[in-house]
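Each chain, written out:
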Amino acid sequence: QVQLQESGGGLVQVGDSLRLSCAASERTSSRYTMGWFRQAPGKGREFVAAITWSGGTTKYGDSVKGRFTISRDNAKNTVYLQMNSLKPEDTAVYYCATKADNLARIWITAPNYDYWGQGTQVTVSS
């Protein structure tokens, strides 16, 4: 079983940047697609970004395109989410998730993922 631990959340101002990290308990380069989701109070879990095991393919939710960048370092078993130009509507708990996939596909719906982290809070203050 893969265990994931997010870090890097916090309280920032509008326009600031944050980088979230998600460390996996085991080698994630073994063909795991990694994803980031977020959940604001009273809302469902929203797809933010995903990356294939090789890092060759990425996909972003419409609300974060051009502002967020997902990347991974398989040697460190870690995936990152660089968040720039933060807005108040980015306030949420951010979760990373992983799904074993030998075909290097991108998955954008939460039920497709096998393992989840505990989440890290990001608050953007105006």
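Our subject in this report is the structure included herewith. None of the values given here were measured: they were computed from a predicted structure. (Residues numbered from 1 in each chain as written. Predicted model: local features only at pLDDT ≥ 70, side-chain atom pairs only at ≥ 80, totals over all residues. Heavy atoms only, no water.)

Brief notes about the overall build of the protein chain
Phase 1: Scanning the protein chain from N- to C-terminus turns up 0 helices and 11 strands.
Phase 2: Traced from its N-terminal end to its C-terminal end, the protein chain shows the element sequence β-β-β-β-β-β-β-β-β-β-β.
Phase 3: By the compact-globule yardstick of 14 Å for 126 residues, the protein chain fits well, its C-alpha radius of gyration being 13 Å.
Phase 4: On the principal axes, the C-alpha backbone points of the protein chain span a range of 40 × 25 × 25 Å.
Phase 5: Looking at the 126 residues of the protein chain, the share that counts as buried comes to 44%.
Phase 6: Within the protein chain, residue pairs in contact and separated by at least 24 positions form 60% of the contacts whose partners lie at least 6 positions apart.
Phase 7: Just so you have it, the protein chain exposes about 6300 Å², and 44% of that area is on carbon and sulfur atoms.
Phase 8: Of the charged side chains in the protein chain, 14 are positive and 10 negative, and the gap between their average positions amounts to 4 Å. (Helix = DSSP H or I, 4+ residues; strand = E, 2+ residues; numbered from the N terminus. Rg over C-alpha atoms; globule rule 2.2 N^0.38 Å. Buried < 20%, exposed > 50% of the residue type's maximum accessible area, 1.4 Å probe, protein only. Contact = heavy atoms within 4.5 Å. Areas by Shrake-Rupley, 256 points an atom, 1.4 Å probe, with all protein chains shown as cover. Lys, Arg positive; Asp, Glu negative; His and termini not counted. Charge placed at Lys NZ, Arg CZ, Asp CG, Glu CD.)

A word on the sheet that holds strand 3 (residues 18–24)
Phase 1: A sheet is described by the order of its strands in space; here 4 strands give the open sequence 1-3-8-7, paired in antiparallel fashion. What marks the edges here is a single partner per strand, and that holds for strand 1 (4–7) and strand 7 (68–73). The average undirected angle you get between the axes of adjacent strands in this sheet is 15°. (Pairing = 2+ DSSP bridges. Axes fitted to C-alpha atoms, helices over the stretch in contact; angles between N-to-C directions.)

A word on the pattern of salt bridges
Phase 1: The tally for this structure, following the rule as stated, stands at 5 salt bridges.
Phase 2: Here Glu46 and Arg38 are joined by a salt bridge, their closest N and O atoms 2.8 Å apart.
Phase 3: Looking at Glu46, the relative accessible area reads 31%, which means it is partly exposed.
Phase 4: The residue Arg38 makes a salt bridge to Asp90 at a minimum N-O spacing of 2.8 Å. One end of the pair, Arg38, is in strand 4 (residues 32–39); the other, Asp90, is in the loop between strand 8 (78–83) and strand 9 (92–100), and 52 residues separate them in sequence. For the pair shown, Arg38 and Asp90 are each scored as buried.
Phase 5: One network of salt bridges, in which partners are shared, links Arg38, Glu46, Arg67 and Asp90. (Salt bridge = Lys/Arg side-chain N within 4 Å of Asp/Glu carboxyl O.)

Regarding the state of the cysteines
Phase 1: Using the criterion set out here, one finds 1 disulfide in the structure.
Phase 2: Each sulfur of the disulfide joining Cys22 and Cys96 lies 1.9 Å from the other. With the S-S dihedral at roughly 50°, the linkage between Cys22 and Cys96 falls on the right-handed side. With Cys22 in strand 3 and Cys96 in strand 9, the pair connects residues that are 74 residues apart, well separated along the chain. With respect to class, Cys22 is no different from Cys96; both count as buried. (Disulfide = S-S within 2.5 Å.)

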